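A structural walkthrough
Now for the letters of each chain:
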Amino acid sequence: MKIALLGYGKMGKVIERIALERGHEIVLRKSSTDTYDGLSEADVAIDFSVPDSAVSNISACLNATIPVVCGTTGWLEHYDEMTALCHAKNGSFIYGSNFSLGVNIFFELNDYLAKMMSGLKQYNVSIEEIHHLQKLDAPSGTAISLAKGIMENSDYNSWTMEKPEANEIYIDAKRVENVPGTHSIFYDSEVDQIEIKHTAHNREGFAFGAVIAAEWLQDKKGVFTMKDVLNLGK
C-alpha cells in the first residue's frame, strides 16, 4: 500500500516507521510548507498535522478521491463540512480523536460506566487529561470524545473547563513535559470515588492504530470511525 503522510512531525515519523515495518511505501511526506506533489500516487493518506492544516489536507484528499485517515484534533467545527464533502465525492474518511486501540476500548468502557452511573445522582463526574507541552489544543480531542460518550448515556448535556453548572462535565486539561497522553474519568460522591484511567506510555499505540485504520479504509466508501475499524460496540 502506498501512503501519503500529511504532517511529518514526531507522530508522522513514528507512523512512517510502523508503516514501513508493515511493508507499505511512503509516497509523500508533507510538512506545513510542502506541496501535495505525490498525493495522486497514494492509495491512502494519513493526516497528523496541526489544526490549521487539517481541513485543507482532508479536502485535498477527498477532492483527489484518496481515502484519508485523520488524527489531528482541534478543527472539529469543520467536521460536518468534511463529511459532506466525503459523501459528495463518494470518498473515504475516518476521523479519530485517538487511534490507540487501548483508548478505543477505553471509550467503550466509558460509555458502559456512564450508563451504569446515570441513575446515581449522588455522584458527580469529571475528566482529567494530561498531555505534553507541545499539544496545541485543550482540552484534548480524546477528552471531548469521552465527555460526549458520557453525555450520550446520561443526563449531562455539555462540558466546561470552568466551574461546572448542573449537568455540565468538568474537564481539567493539564500540560506537563514528556506526557504522551493520560485520561481519567472520576465519579465522586461524599463517601467514595470511582475512577477509570488510560495512560499512554509512548506514541506507538496512536501510530499503530492509524496504520491499521488506513489498511482497513483502503477499499471502503463512506465516513467511518475506529468503532467500525475495530468492530466495537456491536
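My aim in this report is to walk through the structure given alongside it, one point at a time. (Residues numbered from 1 in each chain as written. Predicted model: local features only at pLDDT ≥ 70, side-chain atom pairs only at ≥ 80, totals over all residues. Heavy atoms only, no water.)

**Topic: the sheet that holds strand S6 (residues 124-131)**
The five strands are arranged S7-S8-S6-S9-S10 in an open sheet whose pairing can be described as mixed. Here the strands that pair on one side only, and so sit at the sheet edges, are strand S7 (158-160) and strand S10 (193-200). On average, each strand axis in the sheet is inclined to that of its neighbour by 20°, with strand direction left out of account. Two strands pair when backbone bridges link them, and S6 and strand S8 (residues 168-175) are joined in this way by six bridges, in the parallel orientation. Bridge pairing in S8 links isoleucine 130 to lysine 174. Where helix H4 (residues 101-117) meets the sheet, its contacts fall on strand S9 (181-188) and S10, and the angle it forms with S10 comes to roughly 170°. (Pairing = 2+ DSSP bridges. Helix = DSSP H or I, 4+ residues; strand = E, 2+ residues; numbered from the N terminus. Axes fitted to C-alpha atoms, helices over the stretch in contact; angles between N-to-C directions. Contact = heavy atoms within 4.5 Å.)

**Some remarks on the pairing of S8**
Sheet topology places S7 next to S8; three bridges connect them, and they run parallel. Across the sheet, residue threonine 160 finds its bridge partner in S8, namely tyrosine 170.

**Looking at the environment of leucine 101**
Structurally, leucine 101 is set in helix H4. Its relative accessible area of 29% is what places leucine 101 among the partly exposed residues. Counting along the chain gives 18 residues from leucine 101 to glycine 119, while the straight-line C-alpha distance between them is 29 Å. When near neighbours in sequence (up to four residues on either side) are disregarded, leucine 101 contacts Gly205, Phe208, Gly209, Met226 and Leu230. (Buried < 20%, exposed > 50% of the residue type's maximum accessible area, 1.4 Å probe, protein only.)

**Considerations on helix H1 (residues 10-21)**
If you check H1, its first and last C-alpha atoms are 17 Å apart, about what 12 residues at 1.5 Å a residue would give, namely 16 Å. For H1, the full list of buried residues reads Met11, Gly12, Val14, Ile15, Glu16, Ile18 and Ala19. Where H1 is buried, its residues contact strand S1 (2-6), strand S2 (25-30), strand S3 (44-47) and helix H6 (204-217). Just past H1, the residue glycine 23 takes up positive phi, approximately 90°. (Expected span 1.5 Å × (residues − 1).)

**Points about the side chain of serine 126**
Along the polypeptide, serine 126 turns up in strand S6. When near neighbours in sequence (up to four residues on either side) are disregarded, serine 126 contacts Ile169, Tyr170, Ser184, Ile185 and Phe186.

**Points about the pairing of strand S5 (residues 92-95)**
Side-chain alternation along S5 places Ser92 and Ile94 on one buried face and Phe93 and Tyr95 on a second face that is also buried. Pairing analysis gives three bridges linking strand S4 (residues 68-70) to S5, with the strands arranged parallel. Paired with valine 68 across the strands is phenylalanine 93, a residue of S5. Chirality of the crossover, the property in question, places the unit of S4, helix H3 (residues 79-88) and S5 among those that are right-handed. Judged from the three bridges that link them, S5 and strand S11 (residues 222-224) form a sheet pairing that is parallel. Each bridged residue has a counterpart across the sheet, and for isoleucine 94 the counterpart in S11 is phenylalanine 224. (Right-handed = clockwise from strand over helix to strand, strands pointing away.)

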